[in-house]
Amino acid sequence: GKTHIARKLADILKFAFFDVKPSDLASSYVHGGQLRIGALFEDAKKKAPSLIFLDECEALIPNRQGRGVEFHYGSEVNEFLTQLNDCWKSKILVIAATNLVEKLDPAVLRPGRMDIHIFIGPPDLEARVELLKQFMLDRPQKAMNWLDFGEKTESYTIAELELVVEEGAKKAFEDLRPITTDDILSAIRENPPRLNEASIEEHKRRIGFL
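Note that the coordinates shown come from a computational prediction; the quantities given were computed from them, not determined experimentally. (Residues numbered from 1 in each chain as written. Predicted model: local features only at pLDDT ≥ 70, side-chain atom pairs only at ≥ 80, totals over all residues. Heavy atoms only, no water.)

For the rest of this paragraph, the subject is the overall build of the protein chain. Check the secondary structure of the protein chain and you find 9 helices and 3 strands. In sequence order, the secondary structure elements of the protein chain are arranged as α-β-α-α-β-α-β-α-α-α-α-α. Based on the C-alpha atoms only, the size of the protein chain along its principal axes is roughly 55 × 40 × 35 Å. By residue count, 38% of the 210 residues in the protein chain fall in the buried class. Considering only contacts within the protein chain whose residues lie at least 6 apart along the sequence, 71% involve residues at least 24 apart. Summed over all atoms, the accessible surface of the protein chain reaches about 12,800 Å², with 54% contributed by carbon and sulfur. (Helix = DSSP H or I, 4+ residues; strand = E, 2+ residues; numbered from the N terminus. Buried < 20%, exposed > 50% of the residue type's maximum accessible area, 1.4 Å probe, protein only. Contact = heavy atoms within 4.5 Å. Areas by Shrake-Rupley, 256 points an atom, 1.4 Å probe, with all protein chains shown as cover.)

Below, the structure written as structure tokens:
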């Protein structure tokens with residue numbers, strides 16, 4: 001969904017689109033990642049106006065003071081920051097997505113860099129019901145209490161909703177029978193959400209999301 005939104009924005013703006021994942025910039029050579037970052041922005045400049053979308057950006061721009069962050073990441077983060085400082089002059093828009101805001105290097109969030117922060121929370125009740133229906137589509141099943149599922153999955157992410165359906169389906173498959181409401185309810189109980197209302201508000205407060 002995130003990549004789709006970013007791609008559609010690029011289409012509307014008529015910008016060249018660059019979809020970047022951590023693996024795209026990984027390198028086994030010293031400073032290899034730094035060179036790839038520079039090459040990415042250079043390519044974006046040639047095709048400007050451009051939109052660069054960085055998915056899972058906590059892996060691309062980790063906190064340089066964080067435990068377990070390898071030394072070579074420092075030069076890569078520095079390269080990103082340098083490129084961000086000047087990209088607006090080259091008509092480059094950078095959008096980044098992360099589920100782990102706390103692992104980002106604080107310098108990337110300063111004014112003039114990635115200074116507009118938009119929080120996209122878990123799906124609401126109506127969306128959860130529709131998502132569960134989509135994940136259950138074409139699976140053998142008995143009558144489902146969709147509203148009950150939706151009410152019991154508050155704060156679940158899309159991935160967590162999909163996991164609930166997969167786990168419920170496994171129970172039914174083991175017994176060679178259709179999926180029942182009890183299978184899904186059992187999967188919900190066994191797979192609580194990672195987020196809750198308090199943690200969501202803390203994410204918003206920490207970075208000052210819109």
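On to unusual backbone geometry. Look at the link from A48 to P49: it is a cis peptide, with omega at 5°. Looking at where P49 falls in the secondary structure, it is placed in the loop between α3 (32-46) and β2 (50-54). In this structure, K91 takes a positive phi of about 60° despite not being glycine. Within the secondary structure layout, K91 lies in the loop between α4 (72-86) and β3 (92-96).

Summed over the entire model, instances satisfying the criterion amount to 12 salt bridges. The partner of D148 in a salt bridge is K152, and the shortest N-O contact between them spans 2.6 Å. Of this pair, D148 and K152 both sit in helix α6 (residues 146-152), 4 residues apart, which is roughly one turn of the helix. Residue D148 is classed as buried on the basis of its relative accessible area of 17%. Assessed through its relative accessible area of 46%, K152 is described here as partly exposed. (Salt bridge = Lys/Arg side-chain N within 4 Å of Asp/Glu carboxyl O.)

Moving on: the nonpolar core. Counting 23 residues, the largest nonpolar core has F41, I52, L54, I61, F80 and V94 as its most contacted members. Looking at this core, the elements with two or more residues in it are β1 (16-20), α3, β2, α4 and β3. Setting aside chain neighbours within four positions, we find V94 in contact with F41, I52, L54, L84, C87 and M114. In this structure, L161, V164, I179 and I184 belong to the second largest nonpolar core, which totals 18 residues. (Core = buried A, V, L, I, M, F, W, Y, C linked by side-chain atoms within 4.5 Å.)

Attention now moves to the environment of G74. Position of G74 among the secondary structure elements: in helix α4. Overall, the relative accessible area of 17% leaves G74 in the buried class.

A word on the side chain of D55. Looking at where D55 falls in the secondary structure, it is placed in the loop between β2 and α4. At 3.2 Å, the side chain of D55 forms a polar contact with the side chain of K2. If near-sequence neighbours (up to four positions away) are discounted, D55 is found in contact with K2, T3, V20, K21, P22, L60 and A97. (Polar contact = N/O pair within 3.5 Å; in protein donor to acceptor, adjacent residues only side chain to side chain.)

In this section: the sheet that holds β3. Spatially, 3 strands are ordered β1-β2-β3 in an open sheet, and the strand pairing comes out parallel. The sheet is open, and its two borders are formed by β1 and β3, each paired with just one other strand. Neighbour-to-neighbour, the strand axes of the sheet open up by a mean angle of 15°, direction not taken into account. The pairing of β2 with β3 spans 5 bridges and is parallel. Paired with S50 across the strands is I92, a residue of β3. (Pairing = 2+ DSSP bridges. Axes fitted to C-alpha atoms, helices over the stretch in contact; angles between N-to-C directions.)

Here we take up the pairing of β2. Across the 5 residues that make up β2, a large majority, 5, are buried. In this structure, β1 lies alongside β2, joined through 5 bridges in parallel fashion. Of the residues in β2, the one forming a bridge with D19 is F53.

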